[in-house]
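# Chain and residue survey
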Amino acid sequence: MSLKDKRGISPVIATVLLIAIVVVIAVIIFLWFNEMSREAITKFSGKNIELVCDDVDFDASYSNGELYISNLGNVPIFGMKIKISGEGSYETVNLGDISNEWPSAGLDQGGTFSGDISSEVSGAEEIVLIPVLIGTSNKGEKTYMCEERHGYELLL
Amino acid sequence: MKKNKKAVSIMIGYVLLITIAIIMSVVIYQWMRSYVPKDILTCPEEVSIYIKNLECSGTQLNLTLRNNGQFNIAGYFIHATKKPDQELATLDLSQSVVETNQIQGNAIIFDYLSLNSLKPNQEKTNYFNLNDTIYSLEITPVRYQGEENKMRLVNCGNSKVKESIICG
């Protein structure tokens, strides 16, 4: 068989196909990244809410069934999750669900909370208070629960 | 033979490469922009107040604060404990102040017409009508600080002072 009889794709078609595939992949990647950035929750003029968790500062204590919380920082704490640990298991509850004393708007600067949670933590060995913040995303206001490392540990 | 060889243009390759690189950099910038750390609004460490005088007369509490720091102060948060063994003060006394024109939110502002009105070495006295018996006080100074062309109230939690007292 001579070289002249060999068949192949025309270089022009190959180039067009190459460009088309690259453009399609680029669009797909762009849309994917766009979706990811749209889901980002921000607070305080565009700062990612995950970074804002580092700025949360609060104090807490537990005594005779009463939980006390004081917001010492400048980040409003919208909500609080309580991780209740004991006897090899744990559960996480929302403080606003177990206590009517939690303000609906959360704890602003200097805000405080005190409430009886003895029925929820009976038998528990420790609780971790994890702040929940509220921020803004393209879909409106959204809450964000900080990581446990930002929580406040209380031994019962 | 060499003159008849055909190939894809190198120029098209370069254009595609550069275009893709620019698109990717724009996308990643948009995504990472929110992760750029920004300076948070914090209170200077040299802010300090102390309780110069504390008098209890029945259910009335007289409180004199003195600015012994290096920065002006706008006001303070005041909380009290309702039980002798309570560690953290959570009872907000700001609403019990006699000078109701000084209440802003849950803070007591010395002069709402003048930002950070209490200068170093100055004193201010407030009176409170208590509804509950209190066992200790916690006072946290606050001051206005500028951020993005706005004045914001900053909580100076690190400068909190505590005092034991039974009153009310």
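Residues numbered from 1 in each chain as written. Chains lettered and ligands numbered in written order. Predicted model: local features only at pLDDT ≥ 70, side-chain atom pairs only at ≥ 80, totals over all residues.

### Some words on the overall build of chain A
- If you tally the helices and strands in chain A, you get four helices and ten strands.
- The order of α-helices and β-strands along chain A, N terminus first, is α-β-β-α-β-β-β-β-α-β-α-β-β-β.
- By the compact-globule yardstick of 15 Å for 156 residues, chain A is too spread out, its C-alpha radius of gyration being 27 Å.
- Across its three principal axes, chain A shows a C-alpha extent of roughly 95 × 40 × 20 Å.
- Across the 156 residues of chain A, 29% fall into the buried class.
- Excluding contacts between residues fewer than 6 apart, the proportion of contacts in chain A whose partners are at least 24 apart in sequence is 58%. (Helix = DSSP H or I, 4+ residues; strand = E, 2+ residues; numbered from the N terminus. Rg over C-alpha atoms; globule rule 2.2 N^0.38 Å. Buried ≥ 20, exposed ≤ 12 C-beta atoms within 10 Å, placed from the backbone. Contact = placed C-beta atoms within 7 Å.)

### Considerations on the domain arrangement of chain A
- Here chain A is partitioned into domain 1 (9-38) and domain 2 (43-155).
- Once you take the C-alpha centre of each, domain 1 of chain A and domain 2 of chain A turn out to be 45 Å apart. (Domains from an automatic or database assignment.)

### With respect to the interface of chain B and chain A
- Of the residues lining the interface, 33 residues belong to chain B; the matching set on chain A comes to 35 residues.
- Secondary structure elements with two or more residues in the side of chain B that touches chain A: helix H1 (10-32), strand S3 (75-81) and strand S9 (150-155) of chain B.
- The dominant element in the side of chain B that touches chain A, judged by the number of residues it contributes, is H1(B), at seven residues.
- When the residues that make up the side of chain B that touches chain A are grouped by side-chain class, the tally is 17 nonpolar, ten polar and six charged. (Nonpolar A, V, L, I, M, F, W, Y, C, P; charged D, E, K, R; others polar.)

### Re the pairing of strand S4 (residues 66-71) of chain A
Residues and elements named next belong to chain A.
- Buried residues dominate S4, accounting for five of its six residues.
- Strand direction decides the pairing type here: strand S3 (residues 58-63) and S4, joined by six bridges, are antiparallel. The partner of Ser63 across the bridge, within S4, is Glu66. (Pairing = 2+ DSSP bridges.)

### Remarks on the sheet that holds strand S2 (residues 60-67) of chain B
Residue and element names in this part refer to chain B.
- The strand order S1-S2-S7 describes an open sheet built from three strands, whose pairing is antiparallel. Only two strands of the sheet have a single neighbouring strand rather than two, namely strand S1 (49-57) and strand S7 (123-129). Across the sheet, the axes of successive neighbouring strands diverge by a mean angle of 20°, strand direction being ignored.
- Examined bridge by bridge, S2 and S7 share seven bridges and lie antiparallel to one another. Directly across from Leu65, in S7, lies its bridge partner Lys124. (Axes fitted to C-alpha atoms, helices over the stretch in contact; angles between N-to-C directions.)

### A few points about the sheet that holds S4(A)
Residues and elements named next belong to chain A.
- Strand order in the open sheet made by the three strands is S3-S4-S7, with antiparallel pairing throughout. Only two strands of the sheet have a single neighbouring strand rather than two, namely S3 and strand S7 (112-116). In this sheet, neighbouring strand axes are inclined to one another by 10° on average, regardless of whether the strands run parallel or antiparallel.

### Quick notes on unusual backbone geometry
- Notably, A:Glu87 is not glycine yet its phi reads approximately 50°, a positive angle.
- Checked against the element boundaries, A:Glu87 lands in the loop between strand S5 (79-86) and strand S6 (89-94).

### Thoughts on the environment of A:Ser137
All names here are of chain A.
- Within the element layout of this structure, Ser137 appears in strand S8 (residues 126-137).
- Given 15 C-beta atoms within a 10 Å radius, Ser137 is considered partly exposed.
- For the pair Ser137 and Lys43, spaced 94 residues apart in sequence, the C-alpha to C-alpha distance is 8.9 Å.

### A closer look at the pairing of S5(A)
Residues and elements named next belong to chain A.
- Here seven bridges tie S5 to S8, and the two strands are oriented antiparallel to one another. Bridge pairing links Ile84 to Ile127 in S8.
- Once S5 ends, the chain turns through two residues before running back antiparallel as S6, passing Glu87 with a positive phi of about 50°.

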